[in-house]
Amino acid sequence: MQRQSLYRNFSVYGIFTVSGASALIYQIIWSRWLSLSLGTTTASVSIVLGCFMIGLALGSHVAGRVLHRVTNVMRWYAVMELGIGSFALIFPWLFGLGDTIFSIIMSADSSPAYSLSVRAIFSFLLLMVPTTFMGATLPLLTEYFRRNPRRTFSFRAGLLYAANTLGAAIGIIAASFVLIELAGVSATNMIAAFMNFSVAFAGFLLSRRETGSGDLAQKGPPPPSPDTSGDNIDVKGLSFHGKVAIAVLTGSGAVALASEVLWTRTLETLVGNSTYAFATIVLLYLVGIALGSWLMALFVNRLRQDDLPIWLAGLQLAMGAWGIVSIILFERLATGIATNSSAMVHLAVIFLAYLKAMLMLMPLSLFSGACFPLAARMLDPGSVDPRGEAVARAYSWNTIGAVAGSLTAGFIVAPRYDYFNALFLLAFCYGLICLVALLFLIWFERKSFRRQAVLLLPAGIAALVVIVISINGTKAESCFVRHIKKKSPGLTIPFHKPGMQGVVTVVKLWSNGLYDKLLVNGIGMTVKATDTKIMAHLPLLIHPNPENVLVICFGMGTTYRSAVSHGRNVTVVELVPEVFEAFPHFYADADQIRAYPRGRMIVNDGRNFLKLTREKFDVITIDPPPPIDAAGVVNLYSREFIELARSRLKDGGIMAHWYPFVGTGSGVDDRETFMSLVKTFSSAFPCVYIKQGYNKMGLHVIGAAEPVKTSPSEIEMRYYSPPVAADLLEWDPVPLDFFLAFPQLSGRAPELPDLTDDNPYLEFYLLRTLRGGRQKMFPISLW
């Protein structure tokens, strides 16, 4: 009988691991779909993540309130899993319907407050049902174990939490590294739904076995566990230790999620912004949380009940202290990893860099994972293991903290603090949580203070040290800027400013300005090159009468500046507002260009702007930021985006796109990928013209619904107009002949796949690269 019970226990751990994997897959897939509708701005991403977390908290809270009424908890768990899978099947349809409504009620001119409100409501309505089901699963399984003594002997609430978190780690491996590349986004969503159905089927089988076993799970909820400590959980109220647990767990959850967001931004300066870099960071973070929860679950019942609050506060102190240590280690680690910067290397070298960077943060995730079993034990000290109500309460408040942390990091901390200054702020928060918890313990437990003073006083002093160091760190010069200046004394950095979308840095190399650099989160966006001028001049010269022009991606402002020289109506859309502020550091006439009466500068995701605008344009020109295989950039190369842009063209309008050549370090590392991208563009336009770039770094591709008809004399007249000629000849003598010959693309290479939102192969290339034995360019870093 004991062996059979042990087998069932491991079966439950197994299905909950699979459940965690499917949940993480949904988070990846659904967030990806929502970003296509809401935009890839930090505000939209933070709202989606916040809504996901709110649903989890709501589900856990509701489950905790109704558990005492549930007789067969495993059956209800199976119903939750069945509901998640069923919702996943209809999510694409619901998303399509919601996207249509969103496009009707929103416009590109909507106020920021209205825009954020609609995005929040849209996300919440779509995600509320499945995430509420997800949030209910942990309390249900906890109660399933606790109600039967034969199951409880091998159970720990922390182990269940660890299994689910480990499943989430498996889910990110499956989705990001394998499934999306092999099967596509929609099929990956279907696979995750099948996983939920499998879990639900197993849950129903287990619930049927309970029916004939005479277990408490079928007879009804058990009586309350004997109160051995005088501190048993009360649904209506909490003991002092319980209140400390809730407060610390909420604060810790907030700082932990903010830490994930802000450390990802910092690591991006070193390992780039590819999907694989982000997935590896989250993967190792989840593994650390699972391992920390597992270790503490095995250890927590050996601790004295009165010492648990000190342990919980001590974990906050440990996270704050290690946060400071990791900042110091990062600069040393970065110098070694950056030796491969911009070199063509095997994927193993890139992933080893990801691993090294994230292992430095593993202690943070270990300590974070250990908090949950401690807090759950403090909330229900009278049971052999925490009851479902206690676990629900702990999980709900930890998740609410995560919501607050995500929104705070995205809307408040990121726009005001540099990479490392923000990380020092996180260390300060951990130290403050520890210190406040210790002060409350000292005040409310004065009777036992003498016995615990040997732990409380040193911990309090250490927390003060962490707080003081962190305050100084938030005010210090940016480590990133200091390192660049130290590494290359000849450089100057006249502009370095954090913002909601990232940190913008201007690096000036030589006095003539041709080698200036624009960095966003440490990644080079563009340089001064003649082809960035031609991105405006080529379509404007060959269009018969270009009155309204749209430039997507501002960069240094070169393309917009060149478009303005034609004297037309010019709109430019840029995702990072601080990029506009950096414009004067690249061009002396920036203020004059800004004051151009027929120009507009709009802050938005370029694709989202096209989706919401009611305007139509004669010319749309775009040069997405490199590397073009980075996360999110693929959205500006997919067939759906090209078709969207075409729909915003007037009759006779043309679209100009830039495709970097293989070997230029721009994210295209093989000829097949390059040809597939061009073929994708050509599938949206009947008439496609191509022109090799003046600097031979890429291809100018022009799309039109009908043949472009412009007389050579008309092109010549515009070419020699004083403003256009002055701009064109500013750096290189671009001859008139360059614009008179632009051959039409022939052949569509039907065997090559189109890049689509459902098949984003440009961003997901791991297996393809491994099979071909190819190399990838190591991210360019100034470290």
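Scroll up for the structure.
Let us look at the structure shown here. (Residues numbered from 1 in each chain as written. Predicted model: local features only at pLDDT ≥ 70, side-chain atom pairs only at ≥ 80, totals over all residues. Heavy atoms only, no water.)

**As for the side chain of threonine 559**
Right, so step 1: Its location among the elements puts threonine 559 in helix H19 (residues 558-564).
Right, so step 2: Under the relative-accessibility criterion, threonine 559 is labelled buried at 9%.
Right, so step 3: Leave out the neighbours within four places in its chain, and threonine 559 touches Thr532, Met535, Ala536, Val551 and Thr621. (Helix = DSSP H or I, 4+ residues; strand = E, 2+ residues; numbered from the N terminus. Buried < 20%, exposed > 50% of the residue type's maximum accessible area, 1.4 Å probe, protein only. Contact = heavy atoms within 4.5 Å.)

**With respect to the environment of threonine 492**
Right, so step 1: Looking at the secondary structure, you find threonine 492 in strand E2 (residues 492-498).
Right, so step 2: In this structure threonine 492 comes out as partly exposed when scored by relative accessible area, which is 42%.
Right, so step 3: In this structure the C-alpha to C-alpha distance between threonine 492 and valine 506, which are 14 residues apart in sequence, comes to 8.4 Å.
Right, so step 4: Apart from residues lying up to four places away in sequence, threonine 492 is in contact with Val506, Val507 and Lys508.

**Digging into the state of the cysteines**
Right, so step 1: Scanning the entire structure with this criterion turns up 0 disulfides.
Right, so step 2: Just so you know, cysteine 434 is unpaired, no disulfide at all, and the nearest cysteine sulfur is the one on cysteine 371, 11 Å from it.
Right, so step 3: According to the relative accessible area criterion, cysteine 434 is buried, its value standing at 0%.
Right, so step 4: The closest cysteine sulfur to the non-disulfide-bonded cysteine 479 is located on cysteine 429, 18 Å from its own sulfur.
Right, so step 5: A relative accessible area of 10% means that cysteine 479 is categorised as buried. (Disulfide = S-S within 2.5 Å.)

**Side note on a nonpolar patch on the surface**
Right, so step 1: There is a patch of nonpolar side chains on the surface, built from Trp93, Leu97, Ile101, Ile104, Ile105 and Tyr114 and spanning about 640 Å² of accessible area.
Right, so step 2: Ranked by residue count, the leading element in the nonpolar patch is helix H3 (residues 73-105), at 5 residues.
Right, so step 3: Structurally, the position occupied by tyrosine 114 is in helix H4 (residues 112-146).
Right, so step 4: On the accessibility criterion, tyrosine 114 (37% relative accessible area) is partly exposed. (Patch = residues over 30% accessible without salt bridge, like charges linked within 9 Å, V, L, I, M, F, W, Y side chains within 5 Å. Areas by Shrake-Rupley, 256 points an atom, 1.4 Å probe, with all protein chains shown as cover. Salt bridge = Lys/Arg side-chain N within 4 Å of Asp/Glu carboxyl O.)

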